[in-house]
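# Topology and contacts: notes
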Amino acid sequence: MLRTLLLGFGLVEIVTPRPVIEACERIGLRNPETARRRPLALTGARLEGLVFVWLLARGREGSTLVSALLGLAGLVLVLVPRPIITFSQHLVYANTDDLELRLWVVPAARLLGVLYLTVLLLARSTDTERTADGDATTT
């Protein structure tokens, strides 16, 4: 069930990233109307959705590098979210000095890290299920 929800979220993020970004801005910024997004923002959201879908659909067969990067990002977000928040703001917004973060941005970033790690765990369970079913055998 959780895998299906995350796959759906990833697909939505690939197809229509703007509503996802706008929702995150409303949640995380006191002044979302002042945010000036760079074009990279939509591409980044689509890339995140693509990683979710790729890993959840293919498991670890998808890419060890992608899994490692998502796992590293998840761990950093859980343990020390502030540098990632600052870095991602500079990537996504042209006017970072004008943006006012809400108090719960740091806990939300940690939760995003947990989400990334959950995607990795679900991708591993996909591999385990395939091996148990015999689908991963070669002929």
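Bear in mind that the values here come from a model prediction, so they are computed numbers and not experimental data. (Residues numbered from 1 in each chain as written. Predicted model: local features only at pLDDT ≥ 70, side-chain atom pairs only at ≥ 80, totals over all residues. Heavy atoms only, no water.)

For the rest of this paragraph, the subject is the overall build of the protein chain. Each helix and strand counted, the protein chain has six helices and zero strands in total. Counting only residues that meet the buried cut, the protein chain has 34% of its 139 residues in that class. Across the protein chain, contacts joining residues at least 24 apart in sequence account for 79% of those joining residues at least 6 apart. Accessible surface, the protein chain: about 8,600 Å² in total, of which carbon and sulfur atoms supply 67%. (Helix = DSSP H or I, 4+ residues; strand = E, 2+ residues; numbered from the N terminus. Buried < 20%, exposed > 50% of the residue type's maximum accessible area, 1.4 Å probe, protein only. Contact = heavy atoms within 4.5 Å. Areas by Shrake-Rupley, 256 points an atom, 1.4 Å probe, with all protein chains shown as cover.)

With that settled, the discussion passes to the layout of surface pockets. When its volume is computed, the largest pocket comes out at roughly 1,500 Å³. Where the lining of the largest pocket is concerned, the elements lending two or more residues are helix H1 (2-15), helix H2 (17-28), helix H3 (40-58), helix H4 (64-79), helix H5 (81-92) and helix H6 (105-133). Of the residues that constitute the lining of the largest pocket, the class distribution is 31 nonpolar, five polar and three charged. (1 Å grid on protein atoms, 1.4 Å probe; cavity = no way out; pocket = protein on both sides within 12 Å on 5 of 7 lines; lining within 4 Å. Points joined across faces, edges and corners; volume = space filled by probe spheres on them. Nonpolar A, V, L, I, M, F, W, Y, C, P; charged D, E, K, R; others polar.)

A few words on the packing of aromatic side chains. Under the criterion given, the structure shown has two aromatic pairs. Relative to Tyr-116, the ring of Phe-52 lies with its centre 5.9 Å away and its plane at 85°, an arrangement referred to as edge-to-face. Taken together, the positions of Phe-52 in helix H3 and Tyr-116 in helix H6 put the pair 64 residues apart, joining distant regions of the chain. The same class applies to Phe-52 and to Tyr-116, which are both buried. Through a chain of ring-to-ring contacts, three or more aromatic side chains come together here, namely Phe-9, Phe-52 and Tyr-116. (Phe/Tyr/Trp six-rings, centres within 6.5 Å; stacked < 30°, edge-to-face > 60°.)

Turning our attention to the confidence of the model for the protein chain. Averaged over all residues, the pLDDT of the protein chain equals 88, while 87% of them reach at least 70. The spread of mean pLDDT over the elements of the protein chain runs between H6, the lowest at 82, and H5, the highest at 95. (pLDDT = per-residue confidence, 0-100.)

Right, let's talk about H2 for a bit. Taking 1.5 Å per residue, twelve residues should reach 16 Å; H2 reaches 16 Å between its end C-alpha atoms and fits that length. All of the buried residues in H2 are Pro-17, Val-20, Ile-21, Glu-25 and Gly-28. Projection of H2 onto a plane perpendicular to its axis shows the buried side chains occupying an angular sector of 135°, all on one side. (Expected span 1.5 Å × (residues − 1). Arc of directions from axis to C-beta.)

So, about the nonpolar core. Of all hydrophobic cores here, the largest spans 16 residues; its most connected members are Leu-55, Leu-70 and Val-119. Breaking this core down by element, the ones donating at least two residues are H3, H4 and H6. By residue number, the principal contributor to this core is H6, which donates eight residues. What Val-119 contacts, discounting residues up to four positions off in sequence, is Leu-6, Phe-52, Leu-55, Leu-56 and Leu-70. (Core = buried A, V, L, I, M, F, W, Y, C linked by side-chain atoms within 4.5 Å.)

Further remarks concern a nonpolar patch on the surface. Among the surface-exposed residues, Met-1, Leu-2 and Leu-5 lie close enough to one another that they form a single nonpolar patch of about 370 Å² accessible area. Note on Leu-5: relative accessible area 53%, which makes it exposed. (Patch = residues over 30% accessible without salt bridge, like charges linked within 9 Å, V, L, I, M, F, W, Y side chains within 5 Å. Salt bridge = Lys/Arg side-chain N within 4 Å of Asp/Glu carboxyl O.)

Once that is clear, we can look at the packing of H3 against H4. Where H3 contacts H4, the two axes come as close as 11 Å, and the packing angle between them is 120°. Between H3 and H4, the interaxial angle falls into the category oblique. Crossing handedness for the pair H3 and H4: left-handed. The segment H3 lies against H4, with Val-51, Phe-52 and Leu-55 engaging Val-66, Ser-67 and Leu-70. (Axes fitted to C-alpha atoms, helices over the stretch in contact; angles between N-to-C directions. Parallel < 35°, antiparallel > 145°, perpendicular 65-115°, else oblique. Left-handed = near helix turned anticlockwise from the far one by under 90°.)

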